[in-house]
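# Structure at a glance
Residues per chain are reported as follows:
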Amino acid sequence: MLKCRKFGILMVVVALVAAFTSCTNSGQKKTSKTAEKQVSILYPNWAEGIAFTHLAQAALEAHGYKVELTNLEPGLIYGELSKSNSKGDVFLDAWLPNTHKDYWADYGDKLVKLGEAFSGGTTGLVVPSYVDINSIDELNANKDQFDGEIIGIGSGAGIHANTLKAIEAYNLDFEQVTSSGPAMVASLDKAVKKKEWIVVTGWKPHYMWANFDLKYLADPKGVYPQDVCAIISRRGFEEDKPEAAKFFQNFNLKEQQLYALMAAIKADGEETGARKWYEANKALVDAWFN
């Protein structure tokens with residue numbers, strides 16, 4: 001009788017342990033699957049970066065993902081993604097191999113290039129087409145027309161650093177005014193309306209090329225390089241979230257597609273505009289998951 005009782009108690013204990021182990025493993029699997037359907041995107045306050053990011057958010061959420069967006073300066077983005085315990089997963093607007101080469105030199109060995117959001121990135125000094133000079137080396141002779149200023153963006157941007165190099169290389173008697181992407185566009189808009197001369201730090205892709213009649217100033221010294229808007233991630237992202245990684249590996253927009261997306265965002269706001277563009281171009285974007 002005692003042996004039977006002990007045996008019965010033993011079986012109850014075994015059953016409880018098995019049940020606990022089963023529940024624990026089930027919980028771990030559920031947690032792992034939930035984590036796989038969460039993506040954290042870091043992005044800068046640049047027009048194309050905002051567009052890439054919110055399109056990705058719209059598409060991923062339509063496929064059952066929970067997407068977290070964090071707006072940071074580019075140096076902070078590279079630094080965060082390079083951490084072994086990074087809170088971010090991916091960045092869709094890394095200007096490589098040239099404009100962000102210093103960031104890549106510092107952090108690139110801890111990052112992964114997944115794809116290209118846009119494959120024809122260019123940067124340089126930009127003026128309205130009515131400005132009748134065509135080269136950077138003509139700026140000094142027309143300094144007064146420009147008030148001796150080049151309207152720039154944030155100091156963390158690669159184009160800011162390259163503009164400092166251009167000022168030195170061309171011995172320009174100009175000051176680069178540090179502002180932001182939206183502030184630069186506002187200054188451009190104001191000048192164009194008054195037909196005033198202005199020179200800004202500009203790049204493609206950017207919606208300003210669709211909104212204004214602009215031209216790059218020739219860069220005979222080759223200070224401003226050509227790049228791609230690369231998609232980079234933390235190490236381990238492909239293994240942790242293979243479906244999302246596949247989406248980002250295939251993510252790519254042509255210039256006119258991107259400008260249409262930017263126009264939708266300008267008309268309806270970041271989330272709503274990107275979602276509407278996604279719905280109108282669902283076949284194109286959903287194919288990136290395959």
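Located above this text is the structure these notes cover.
This section reports on the structure supplied with the text. (Residues numbered from 1 in each chain as written. Predicted model: local features only at pLDDT ≥ 70, side-chain atom pairs only at ≥ 80, totals over all residues. Heavy atoms only, no water.)

### Description of the pattern of salt bridges
All told, the structure shown has 11 salt bridges when counted by the stated rule. The salt bridge partner of aspartate 89 is arginine 234, with a shortest N-O separation of 2.8 Å. Of this pair, aspartate 89 sits in the loop between α3 (74-81) and β3 (90-96) while arginine 234 sits in strand β9 (residues 226-234), and the two are 145 residues apart along the sequence. Pair check on accessibility: aspartate 89 and arginine 234 agree, each one buried. Linking aspartate 89 and lysine 241 is a salt bridge whose minimum nitrogen-to-oxygen distance equals 3.1 Å. You can see aspartate 89 sitting in the loop between α3 and β3 and its partner lysine 241 sitting in the loop between α8 (237-240) and α9 (242-250), a full 152 residues away along the chain. Side by side, aspartate 89 and lysine 241 carry an identical accessibility label, which is buried. (Salt bridge = Lys/Arg side-chain N within 4 Å of Asp/Glu carboxyl O. Helix = DSSP H or I, 4+ residues; strand = E, 2+ residues; numbered from the N terminus. Buried < 20%, exposed > 50% of the residue type's maximum accessible area, 1.4 Å probe, protein only.)

### Some words on the pairing of strand β4 (residues 111-128)
Along β4, 13 of the 18 residues are buried, which leaves the element largely enclosed by surrounding structure. Here β4 runs beside β9; their pairing, made up of 8 bridges, is antiparallel. The residue of β9 that forms the bridge with valine 112 is serine 233. Two strands pair when backbone bridges link them, and β4 and strand β7 (residues 200-204) are joined in this way by 5 bridges, in the antiparallel orientation. Along β7, the bridge assignment pairs leucine 125 with threonine 201. Here β4 pairs with strand β8 (residues 214-216) via 3 bridges, running antiparallel. (Pairing = 2+ DSSP bridges.)

### Quick word on the side chain of threonine 201
Along the chain, threonine 201 turns up in strand β7. Its relative accessible area of 0% is what places threonine 201 among the buried residues. Not counting the four nearest positions on each side in its chain, threonine 201 is found in contact with Gly124, Leu125, Ile150, Ile151, Gly152, Ile153, Ile159, Thr163, Gln176 and Met184. (Contact = heavy atoms within 4.5 Å.)

### What to know about the nonpolar core
Ranked by size, the top nonpolar core spans 75 residues in total, and within it Leu60, Phe247, Phe248 and Phe251 carry the most contacts. It is helix α2 (residues 47-62) that contributes the most residues to this core, 8 residues altogether. Contacts of leucine 60, omitting those with residues within four sequence positions, involve Val39, Ile41, Tyr65, Val67, Ala244, Phe247, Phe248 and Phe289. (Core = buried A, V, L, I, M, F, W, Y, C linked by side-chain atoms within 4.5 Å.)

### With respect to empty space enclosed by the protein
Evaluation of the coordinates by the stated rule reveals 2 cavities of 30 Å³ or more. Of the voids in this model, the largest cavity is the one considered here, and its volume is about 90 Å³. Trp46, Glu48, Trp95, Thr99, His100, Thr123, Ile153, Ala157, Gly158, Ile159 and Trp203 are the residues that line the largest cavity. Here the second largest cavity defines a volume of roughly 30 Å³. His54, Gln57, Ala58, Glu61, Glu271 and Arg275 together form the lining of the second largest cavity. Broken down by secondary-structure element, the contributors of at least two residues to the lining of the second largest cavity are α2 and α11 (270-280). A per-element tally of the lining of the second largest cavity places α2 first, with 4 residues. The residue makeup of the lining of the second largest cavity, split by class, is 1 nonpolar, 2 polar and 3 charged. (1 Å grid on protein atoms, 1.4 Å probe; cavity = no way out; pocket = protein on both sides within 12 Å on 5 of 7 lines; lining within 4 Å. Points joined across faces, edges and corners; volume = space filled by probe spheres on them. Nonpolar A, V, L, I, M, F, W, Y, C, P; charged D, E, K, R; others polar.)

That is the geometry; function is a separate question.
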